[in-house]
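In case you want the letters, here they are:
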Amino acid sequence: MKPEIAIIGAGYVGLPLASVFAAAGRSVVLVDVSPERAAMINRGESYIEDVPSEELAPLVRDGLVKATTDYDEVMSVQAILIALPTPLSAQREPDLSIVLAAVKELSLRLQRGHLIVLESTTYPGTTREQVQPILEQSGLKAGVDFHLAFSPERVDPGRSDWTTKTTPKVVGGLTPACTKQAVALYSSAVDTVVEVSSPEAAELTKLLENIFRSVNIALVNELAQLCERMGIDVWEVVDAAATKPFGFMSFKPGPGLGGHCIPIDPFYLTWKAREYDFTTEFIELAGKINENMPYWCRGRISRALNSAERSIRGSKILVIGVSYKADIGDMRESPALKVIELLLEEGADLSYHDPHVPELEELGLVSVPLDPGAYDCVAIVTNHSSIDYTQLVADSKLVVDFRNATGRDGVTNGKVHKL
Ligand SMILES: NC(=O)c1ccc[n+]([C@@H]2O[C@H](COP(=O)([O-])OP(=O)(O)OC[C@H]3O[C@@H](n4cnc5c(N)ncnc54)[C@H](O)[C@@H]3O)[C@@H](O)[C@H]2O)c1
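Quick notes on the rules
Residues numbered from 1 in each chain as written. Predicted model: local features only at pLDDT ≥ 70, side-chain atom pairs only at ≥ 80, totals over all residues. Heavy atoms only, no water. 1 Å grid on protein atoms, 1.4 Å probe; cavity = no way out; pocket = protein on both sides within 12 Å on 5 of 7 lines; lining within 4 Å. Points joined across faces, edges and corners; volume = space filled by probe spheres on them. Helix = DSSP H or I, 4+ residues; strand = E, 2+ residues; numbered from the N terminus. Nonpolar A, V, L, I, M, F, W, Y, C, P; charged D, E, K, R; others polar. Buried < 20%, exposed > 50% of the residue type's maximum accessible area, 1.4 Å probe, protein only. Pairing = 2+ DSSP bridges.

Asker: What is the right way to read the layout of surface pockets from this model?
Answerer: The probe, sized like a water molecule, is rolled over the atoms to show the empty space still left. Looking at the second largest pocket, its volume works out to about 360 Å³. Residue lining of the second largest pocket: 16 residues in total, with Leu 257, Glu 291, Glu 333, Pro 335 and Lys 338 positioned closest to the centre. Put simply, the parts of the chain that give the lining of the second largest pocket at least two residues each are helix H10 (281-307) and helix H11 (335-345). Ranked by residues supplied to the lining of the second largest pocket, first place goes to H10 with 5 residues. A breakdown of the residues in the lining of the second largest pocket according to their chemical character gives 7 nonpolar, 4 polar and 5 charged.

Listed below in structure tokens is the structure:
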């Protein structure tokens, strides 16, 4: 079957997107630099937890999904979606090099009638100021010879109540005709498509969503620190506030931000705002509070050990859960890495247990069997649901719980110290 749609980047965004289009009967080719990833997909094997192999394999077998490393495959498709990483540089500035290198490859193969949609999270203006000029090096004109739009991905790895198919998709084209084409494409596979007036509006929509989370998480993280001083259980307060049926949305404190999006994306806007002599103070402040959380966690562990007349140096500490959130193995930007690094710096004899992450290669650690009684302190950094926390508390000497995994036990049981 000749593919109708090409998706550049077969990662957390690209692979679920491909499976949604394929499930709607649209044939997709995934283009990825990794030959290993392409080979796995072509064998029907998934490496993304949200797309089980049982779901992918029949789509591959029916010829609806295939993968390649060869950009030439895009020449015969109708639409090309770009789902490539948009990291920050070492100086914490937007690094569009991966996206723009791929766009250059596309410009060499661009055909009249192509629809190109950027899905990668980025600052307002990227589609028009960066992507369009490179594509137009082909000699074809955007909005005339080919269509160009931005549509942010909203995937939340591990979530099952909302999926790529059921989550509304925001679309903003360079021209009304571009928007129309992109809306028609997504409407063929996702339930709801929301049109906005420009790529810039669509780009900023995604950033607003992520900044909203970052700022609200920072707010409860700050409150958690105050609550420790005041002797108030922040979790009880957040849960009680969440009973208000209107005007309040619950965010949980924790050891810091993780994942590809929330720790990174807000700074794309901070950078762009400078061009307009504007300082995005909420983003900066939230970043400062959230980035400090692993340091605060180290202090919390140190105070808990102190209550048992011990120091971090020389203590056997077991970190439970190292991925950035519960029940997945995604390590990107995980605050657990920073917490572990800080504890090792202080001389802890450190081990970790995570059923989803067998090895932390960069730290030379492997997940150990769960034997909490063998440690001076057990620190719950990520609360995977497969662990029995009541049993864990019963078997441990001292527990520091940054996720409220131990629930009310944390309040009633003297050996649990909560964030
Ligand atoms: N992961 C999320 O939860 C999420 C959610 C919403 C939006 N986003 C955004 O979507 C974009 C993609 O993120 P992701 O999580 O899917 O990334 P990812 O790292 O999971 O996947 C990217 C894929 O692109 C491939 N790749 C890298 N360079 C390439 C190139 N030049 N040509 C072809 N393939 C290349 C990699 O091998 C990898 O398979 C980012 O901008 C991200 O911010 C991610």
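Now that the structure is up, let's keep going.
Asker: What is the right way to look at the pairing of strand S1 (residues 5-8) in this model?
Answerer: Every other side chain in a regular strand lies on the same face of the sheet, so the side chains alternate between the two faces. Residues of S1 alternate between two faces, with Ile 5 and Ile 7 on one and Ala 6 and Ile 8 on the opposite face, all of them buried. Taken together, the 4 bridges between S1 and strand S2 (residues 28-31) define a ladder with parallel strand orientation. From the neighbouring strand, Ile 8 faces S2, where its bridge partner is Val 31. Taken together, the 4 bridges between S1 and strand S4 (residues 79-82) define a ladder with parallel strand orientation. Note that in S4 the partner of Ile 5 across the bridge is Ala 79.

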